[in-house]
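This is what each chain is made of:
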Amino acid sequence: MNAPDPGLARALRTDPPRSRSAPHRLWKRVSRAIGDALPKGLYARSLIIIIAPVVLLQSVIAYTFMERHWQLVTKRLSAAVTADVAALIDIYESYPQDRDAETLSRIAAERLNLDLDILKGAKLPTQGPRPFFSILDEALSDEIKRQIRRPFWIDTVGRSNLIEIRVAIPDGVMRITGRRSQAYASNSHIFLVWMIGSSLVLLGVAILFLRNQIKPILRLAAVAEGFGKGREIEFRPRGAREVRQAGHAFIEMKRRIERAMEQRTTMLNGVSHDLRTILTRFRLSLALFEQTSEIEDLSRDVDEMSRMLEGYLAFARGDSAEPATPTDMRSLLEDLRSDVERLGAHVSEVNLVGAPEVTVRPGAFRRCLFNLAANAARYGETVAISGRLEARAFYVSIDDDGPGIPPESREEVFKPFVRLDDSRQDAGGSGLGLAIARDIARAHGGDIALHESPMGGLRATVRVPA
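Because the structure is a prediction, the values reported are computed rather than measured.

**Q** Can you lay out the nonpolar core for me, pointing to particular residues and giving the numbers?
**A** Ranked by size, the top nonpolar core spans 38 residues in total, and within it F365 and V462 carry the most contacts. For this core, the element with the highest residue contribution is helix 10 (residues 362-379), accounting for eight residues. If sequence neighbours within four positions are ignored, F365 has contacts with M329, L332, V360, V396, I440, H444, V462 and V464. Residues W70, L104, L114 and L140 belong to the second largest nonpolar core, which totals 28 residues.

Quick look at the structure:
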């Protein structure tokens, strides 16, 4: 037998997966951060999708156009001011008879709107740092260098509405002061007003149209949620074609579910009637016999079979046909106290916090609470019942002082026909009480959770939407 080729073995060997690169991990973190910062609602996201690209494109185009416009106009205005300054210097040097420059100052003020001073024997001040991103400073400096070609000093930011130019002359410094608007096109307010105005108009139109488009989707979501909680809500599809298609699909799905539930209920009612008829015959037949110990055992078996049959049918049928109505929780909890006391347990307190009315299916919800309370009364001597209404949910807690249930088994007890080997074994029951209770709670859009009770036993908490 030939030895394996080492080269082939190396080729077939799979390399361990390489870890993702640092840029990829960074991009994932940035994407996650952006996703967390963005709004979660469809309405807000739709507004961002529509408005953000338009505003961004509008800003870029407007900025590019206005920046070029500012540069061109500022350059031409700076060239005109520099030409006036150069003309004043030439006149001052060409006609020495006006040594006090009174006539020249008058001409500059009346004809050129410039203030002129001759600082004899003065020197130019030290030039400070050039302001960041100043179109005027750059354009005016370039024009003075090109047209006058002498040492100079300018101040375009010292006094916001004025500019100061100092140019070295043979006997000192010529200082010229003018308005900033003579050398700079300051129309930024027009740009801002145009941007803000157009953005507000776009935002208003987008909000107006998007609100009408989002309303049918929100309505469909509310109807679907209400149907899941057993509430009958009138719904008529509206909005865009796709939204109407989704609405019609939901209506068709709702009809199929209701038809299937109706067929199941009809079938179970028929089965229940037939089985009850047979059990009634058994009871009548046993009643005709002499009441011996064997006959009494058979009668108890028939009664137990009847109770188990009712439990199985109730679990399979559910209570979906009952409509949801506003129900007085205070009255319901007081009735529950009476039911528990008839079972032989002591109810220490019934406490209700918040508004007493909650929309539920009253018969089904009562059965859910009774199953939990009966379970508590079976294994404990004292039971406490409390209810509280929070922001969007109503909670009912049933506590007992029994042996409790281990944390690892608290989910198992909700499965149909599951019985614990010790502690709270459902002796004599069908094993469906907690399963039926959880199904009713979930049919309302809520759930049941089991915790350790402050009384030492078990706490069962029912949560339903308010």
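Still more ground to cover, so stick around.
**Q** Account for the packing of helix 10 against helix 11 (residues 433-443), with residues named and values stated.
**A** Direction vectors running N to C along helix 10 and helix 11 enclose 145 degrees, while the axes themselves pass 9 Å from each other. The two elements helix 10 and helix 11 meet at a crossing, and its hand is left-handed. The segment helix 10 lies against helix 11, with A364, F365, R367, C368, N371 and L372 engaging G433, L434, I436, A437 and I440. Counted by class, the contact of helix 10 with helix 11 contains eight nonpolar, two polar and one charged residues.

**Q** Which residues make up the sheet that holds strand 6 (residues 346-353), and what are the values?
**A** The five strands lie next to each other as 6-8-9-11-10, forming an open sheet whose pairing is mixed. Only two strands of the sheet have a single partner each, and these edge strands are strand 6 and strand 10 (447-452). Put simply, the sheet's adjacent strands are angled 15 degrees from each other on average, direction ignored. Pairing of strand 8 (residues 382-389) with strand 9 (residues 393-400) involves seven bridges; the strand directions are antiparallel. Residue pairing across strands places R388 opposite Y395, the latter belonging to strand 9. Running over the sheet, helix 9 (residues 329-342) touches strand 6, strand 8 and strand 9 and is turned about 170 degrees from strand 6. The sheet strands contacting helix 10 are strand 8, strand 9, strand 10 and strand 11 (458-465), and the helix crosses strand 9 at an angle near 20 degrees.

**Q** Kindly report on the side chain of R438, identifying the contributing residues and their values.
**A** Within the secondary structure, R438 is located in helix 11. Not counting residues within four places of it along the chain, the set of residues in contact with R438 comprises E411, F414, D447 and I448.

**Q** Before we move on, could you go through a positive patch on the surface and cite the residues and values that matter?
**A** Positive charge collects at one region of the surface, where R25, K28, R29 and R32 lie side by side. One can find K28 in helix 2 (residues 22-37).

**Q** Before we move on, could you go through a nonpolar patch on the surface and cite the residues and values that matter?
**A** Side chains of L26, W27, V30, I34, L38 and I48 sit close together on the surface and give an oily, nonpolar patch of about 550 Å² of accessible area. Looking at which element gives the most residues to the nonpolar patch, the answer is helix 2, with four residues.

**Q** Hey, could you go over the UniProt feature "transmembrane region" (unreviewed entry) in the protein chain for me, with residue numbers and the actual values?
**A** Following the UniProt record, one finds the feature "transmembrane region" (unreviewed entry) at residues 42-66 and 189-210. Annotated as 100% helix and 0% strand, the span residues 42-66 places its first and last C-alpha atoms 35 Å apart.

**Q** Explain the pattern of salt bridges to me, and be specific about the residues and the numbers.
**A** Going through the model one piece at a time under the given rule, you end up with 21 salt bridges. Residue E258 pairs with K254 through a salt bridge whose shortest N-O separation is 2.9 Å. Taken as a pair, E258 and K254 lie in helix 7 (residues 241-288) at a separation of four residues, close to a single helical turn. Residue R442 pairs with D447 through a salt bridge whose shortest N-O separation is 3.3 Å.

**Q** Quick rundown of the confidence of the model for the protein chain? Include the residues and the values.
**A** Looking at the protein chain as a whole, the pLDDT averages 80, with 86% of positions reaching at least 70. Low pLDDT (under 50) marks residues 8-19, which in the prediction has zero contacts with non-local residues, meaning those over four places away or in another chain. Segment residues 422-428 is flagged for pLDDT under 50; beyond a separation of four residues in sequence, or across chains, it makes 20 contacts in the model.

Reading the values: the criteria
- Residues numbered from 1 in each chain as written.
- Predicted model: local features only at pLDDT ≥ 70, side-chain atom pairs only at ≥ 80, totals over all residues.
- Heavy atoms only, no water.
- Core = buried A, V, L, I, M, F, W, Y, C linked by side-chain atoms within 4.5 Å.
- Buried < 20%, exposed > 50% of the residue type's maximum accessible area, 1.4 Å probe, protein only.
- Helix = DSSP H or I, 4+ residues; strand = E, 2+ residues; numbered from the N terminus.
- Contact = heavy atoms within 4.5 Å.
- Axes fitted to C-alpha atoms, helices over the stretch in contact; angles between N-to-C directions.
- Left-handed = near helix turned anticlockwise from the far one by under 90°.
- Nonpolar A, V, L, I, M, F, W, Y, C, P; charged D, E, K, R; others polar.
- Pairing = 2+ DSSP bridges.
- Patch = residues over 30% accessible without salt bridge, like charges linked within 9 Å, V, L, I, M, F, W, Y side chains within 5 Å.
- Areas by Shrake-Rupley, 256 points an atom, 1.4 Å probe, with all protein chains shown as cover.
- Salt bridge = Lys/Arg side-chain N within 4 Å of Asp/Glu carboxyl O.
- Lys, Arg positive; Asp, Glu negative; His and termini not counted.
- Charge placed at Lys NZ, Arg CZ, Asp CG, Glu CD.
- UniProt positions renumbered as here; feature names shortened; annotations may be inferred.
- pLDDT = per-residue confidence, 0-100.

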